[in-house]
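For reference, the chains in residue letters:
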Amino acid sequence: MGADNALETAQNVGRNMDLLRFATAGSVDDGKSTLIGRLLLDSKSIFEDQLEAVEATSQSKGYDYTDLALLTDGLRSEREQGITIDVAYRYFATPTRKFIIADTPGHVQYTRNMVTGASTADLGLVLVDARQGLTEQSRRHAVILSLLRVPHLVLAVNKMDLVDFDEDTFKKIHAEFTSFATKLNIPDLEVIPISALQGDNVVNRSENMPWYQGPSLMHHLENVHVASDRDLVDARFPVQYVIRPKSDDFHDYRGYGGQLASGVLKPGDEVVVLPSGMTSTIAGIDLFDQEIDEAFPPMSVTIRLADDVDVSRGDMIARIKNAPTPSQDIDAMVCWMTTEPLRKGQKLAIKHTTRTGRALVKDIQYRLDVNSLHRDQETGELGLNEIGRVQLRTTVPLLCDPYAKNRTTGSFILIDEATGVTVGAGMINSGS
Amino acid sequence: MTQTHVDYQLSQLDQLEAESIHIFREVAAEFEKPVLMFSGGKDSIVMMRLAEKAFYPAKIPFPVLQVDTGYDFPEVLATRDNWVNRLGVRLIVASVEEALAKGIVVDDGKTSRNRHQIGTLLNAIEEEGFTAAFGGGRRDEEKARAKERVYSHRDEFGQWDPKNQRPELWSLYNGRLHAGEHMRIFPISNWTELDIWHYIGREGIEIPSIYFSHQRRVFERDGMLLTESEFNPCKPGEEAAERTVRFRTVGDLTLTGCVESTASTIDEIIDEIAVARLTERGATRGDDRFSEAAMEDRKKEGYF
């Protein structure tokens, strides 16, 4: 990308540029940091002083080439150990799109970081080393991305330069992964042969792999269609904050602030407020000092209702004939994120949309082996970085949808009430 | 955002705004005593704008805290006052001078005012009993910030423990605290420098005039152009001269360097940044230059 392109990108940031959030998975050995370093470098998101610092460090360590991984390994302990221990967020843009990368470590013990990174991603990027082929780790990454319902997946077969850009090696990995992916929920899959170190098929199509007819990684990231991933049908508006100015100018103003999770709402729409079940009509939708014609996700707006119904934080505004059923018995997949295992009978705090309550673990049905997809029903508990199917009973009804249908109203976190730490992430199968 | 969106697509800047407003409302709903840390810099001005939008037509439901180093640019203080007056929010000024005088922070003669801000800030948070402090940190600024959460937990000493951060999933933020602890909140975590400038441009909001090109008497020190002032006289061998400059960040005027620039509008600044070869902090903030891990160290101690 040249200087003209960088200028165009900079000017477009405030215009109609759209956004793609993607999560990367892979270990240092797969060349993930090198790949991210290259994306940042080639999109001019890295500046000269940062590059100079990395070149100097690489030289002082006696490397033959500039180690782009040094650009992204942020915390001192990581630089010392040469591994990435936490989710890091990176930013770059091209003239049409801004990208937010959730860069997650690939080691087995860091499943919780991958779940975290994947939770907000539109696309997941899994790296494999062409010499190694698919590993347990790459399968695990694909399973997690699928569980988190990341709608688009890219498998980047890296280090093609080290297998002499051999087509058969790529084809074999491609076929093996495609076959594995049929067992998962992956609506869109792209497999791309690359060399992050040398830049093949990262931004520009590689001359070393004339047999590959598909897009470069950057081209795919720029063009993958994410707009249709959103649900514009099922209106869900979790109420966050009641706005009551109590000022002379806005004496009777009462608005409900929140961010639309899905669907489209317009003034005049008949709505129901959950869990009370009271109905009303939308009198107006405000975005700062403007009244708008319609609200759609992920807009943060303020909704005013025609009737003086009782609405507070934690309630949800939905359509009368299309509303979630308030549920206190929740069946969900839970990723456990702390060393003390999750056990039957345990009580935890739960946060779902803007609603907070307590949850009792009624049963742990099985533990999912994320490598083999085997369901271990004997376990009775979930350890750190384990994922399993759990039944919960909550003190307050959750206004939820299945996670497969709605990633906002289908997700929750579990909090240890004594330590205050987030210990679990949940994806709802069903509620009743 | 007034036009009808037939395609139901929000631009990336509108998505960032929506996310930030969500965070402001979440904190106002869940924390007993939030406060907005206001430096007068462009990032904290964008924060004020977002807070204004999040609660409109109600007033911002929390006060604004500024740490006064005693070496602040007068232009920055003027902008601060305009904002505070227009929005009708309560301003709390925590003075480094006062903290030094009271012995809350100790001057060893070697430490910069910027570093003294840490003790002054933590003391103000403790004295007023704030449970959540909004900061304008962005993850694109520096490697150590790239791993910081939106809700960043601080222990009873105000310290950040980067290895023991709470996982942060979806847009479900965990605001649980024990007595004496507080949370730093970073609503513009996902914004980049260019997002900030475009947003200021489109919102047409006031920022300190020193961000735009102007004439100023400056001198060179350690490769930086610093303002000549009574707090920061030239040392032997240094010589001040009038140059056409602007500031890319604002802070303690004895430490904040400017760059030679003729950019006098937001669009010109954006073009200048696009071709810039140095990052914001590395180029102009003396306090980040000491070591690669400088920011990480200061963050652990409780820096913004």
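Residues numbered from 1 in each chain as written. Chains lettered and ligands numbered in written order. Predicted model: local features only at pLDDT ≥ 70, side-chain atom pairs only at ≥ 80, totals over all residues. Heavy atoms only, no water.

Colleague: Could you give an account of the overall build of chain B, with specific residues and numbers?
Modeller: Across its full length, chain B carries nine helices and 10 strands. The proportion of buried residues among the 304 residues of chain B is 63%. Put simply, 72% of the contacts in chain B that link residues at least 6 apart link residues at least 24 apart. Of the accessible surface of chain B, which amounts to about 11,400 Å², a share of 47% is contributed by carbon and sulfur atoms. (Helix = DSSP H or I, 4+ residues; strand = E, 2+ residues; numbered from the N terminus. Buried < 20%, exposed > 50% of the residue type's maximum accessible area, 1.4 Å probe, protein only. Contact = heavy atoms within 4.5 Å. Areas by Shrake-Rupley, 256 points an atom, 1.4 Å probe, with all protein chains shown as cover.)

Colleague: Just give me the short version of the sheet that holds strand β2 (residues 64-68) of chain B, but keep the residues and values in it.
Modeller: All names here are of chain B. With respect to topology, six strands assemble into an open sheet ordered β3-β2-β1-β4-β6-β5, the strand pairing being mixed. The outermost strands of the open sheet, each flanked by one partner alone, are β3 (91-95) and β5 (151-154). Here the average twist between neighbouring strands, direction ignored, is 30 degrees. Summarising the sheet, β2 and β3 pair through five bridges and their orientation is parallel. Bridging from a neighbouring strand, L65 pairs with I92 of β3. (Pairing = 2+ DSSP bridges. Axes fitted to C-alpha atoms, helices over the stretch in contact; angles between N-to-C directions.)

Colleague: So what's going on with the interface of chain A and chain B? Residues and values would help.
Modeller: Taken together, the contact pairs 94 residues of chain A with 71 residues of chain B. Here chain A and chain B share six salt bridges between them. Residues E19 of chain B and R21 of chain A are paired through a salt bridge, measuring 3.1 Å at the closest nitrogen-oxygen approach. Inspection of the region where chain A meets chain B yields 31 residue pairs in polar contact (both at pLDDT 80 or more). The dominant element in the side of chain A that touches chain B, judged by the number of residues it contributes, is helix α4 (residues 76-81) of chain A, at five residues. Of the residues contributing to the side of chain A that touches chain B, the split by class is 43 nonpolar, 27 polar and 24 charged. (Salt bridge = Lys/Arg side-chain N within 4 Å of Asp/Glu carboxyl O. Polar contact = N/O pair within 3.5 Å; in protein donor to acceptor, adjacent residues only side chain to side chain. Nonpolar A, V, L, I, M, F, W, Y, C, P; charged D, E, K, R; others polar.)

Colleague: Go over the nonpolar core, please, and point to the residues and values.
Modeller: Counting residues in hydrophobic clusters, the biggest one holds 78 residues, and the most contacted among them are F22, L125, L148, L155 and V157 of chain A. With near-sequence residues (within four places) excluded, V157 of chain A lies in contact with V128, A130, F170, I173, V191, I192, P193 and I194 of chain A. Grouped together as the second largest cluster of nonpolar side chains are 68 residues, V27, F55, V76 and L87 of chain B included. (Core = buried A, V, L, I, M, F, W, Y, C linked by side-chain atoms within 4.5 Å.)

Colleague: Please give an account of the pattern of salt bridges that cites residues and values.
Modeller: If the charged atoms of two oppositely charged side chains come close together, the side chains can form a pair. Taken as a whole and assessed by the stated rule, the structure comprises 47 salt bridges over all chains. Two residues, D286 of chain A and R304 of chain A, come together in a salt bridge whose shortest N-O distance is 2.8 Å. Note that D286 of chain A is positioned in strand β11 (residues 278-287) and R304 of chain A in strand β13 (residues 300-305), a separation of 18 residues in sequence. A relative accessible area of 7% means that D286 of chain A is categorised as buried. A salt bridge links E26 of chain B to R313 of chain A; the shortest N-O distance between them is 2.7 Å. Note that E26 of chain B is positioned in helix α1 (residues 12-30) and R313 of chain A in the loop between β13 and β14 (316-319), a pairing that runs across two chains.

Colleague: How would you explain the packing of aromatic side chains if you had to name every residue and give the values?
Modeller: Residue and element names in this part refer to chain A. Within the structure shown, the criterion is met by 22 aromatic pairs over all chains. Ring geometry for F22 against F99: centres 6.3 Å apart, planes inclined by 80 degrees, an arrangement best described as edge-to-face. Placement of F22 in strand β1 (residues 18-25) and of F99 in strand β3 (residues 97-103) is noted, with a sequence separation of 77 residues between them. For the pair F22 and F99, a shared accessibility class is recorded, and that class is buried. Ring plane angle 40 degrees and centroid distance 5.6 Å describe the contact between F170 and W211, whose orientation is recorded as tilted. Of the two residues, F170 sits in helix α7 (residues 167-181) while W211 sits in the loop between β6 (188-193) and α8 (217-223), which places them 41 residues apart along the sequence. We classify F170 as buried; its relative accessible area is 6%. (Phe/Tyr/Trp six-rings, centres within 6.5 Å; stacked < 30°, edge-to-face > 60°.)

Colleague: Go over the environment of T256 of chain B with me, naming the residues and quoting the values.
Modeller: Residue and element names in this part refer to chain B. Looking at the element boundaries, T256 is found in the loop between β9 (241-247) and β10 (258-260). In this structure, the C-alpha to C-alpha distance between T256 and L226, residues 30 residues apart in sequence, is 6.6 Å. Here G251 takes part through its backbone nitrogen, which lies 3.5 Å from a polar atom of the side chain of T256. In terms of polar contacts, T256 uses its side chain to reach the backbone carbonyl oxygen of D252, at 2.8 Å.

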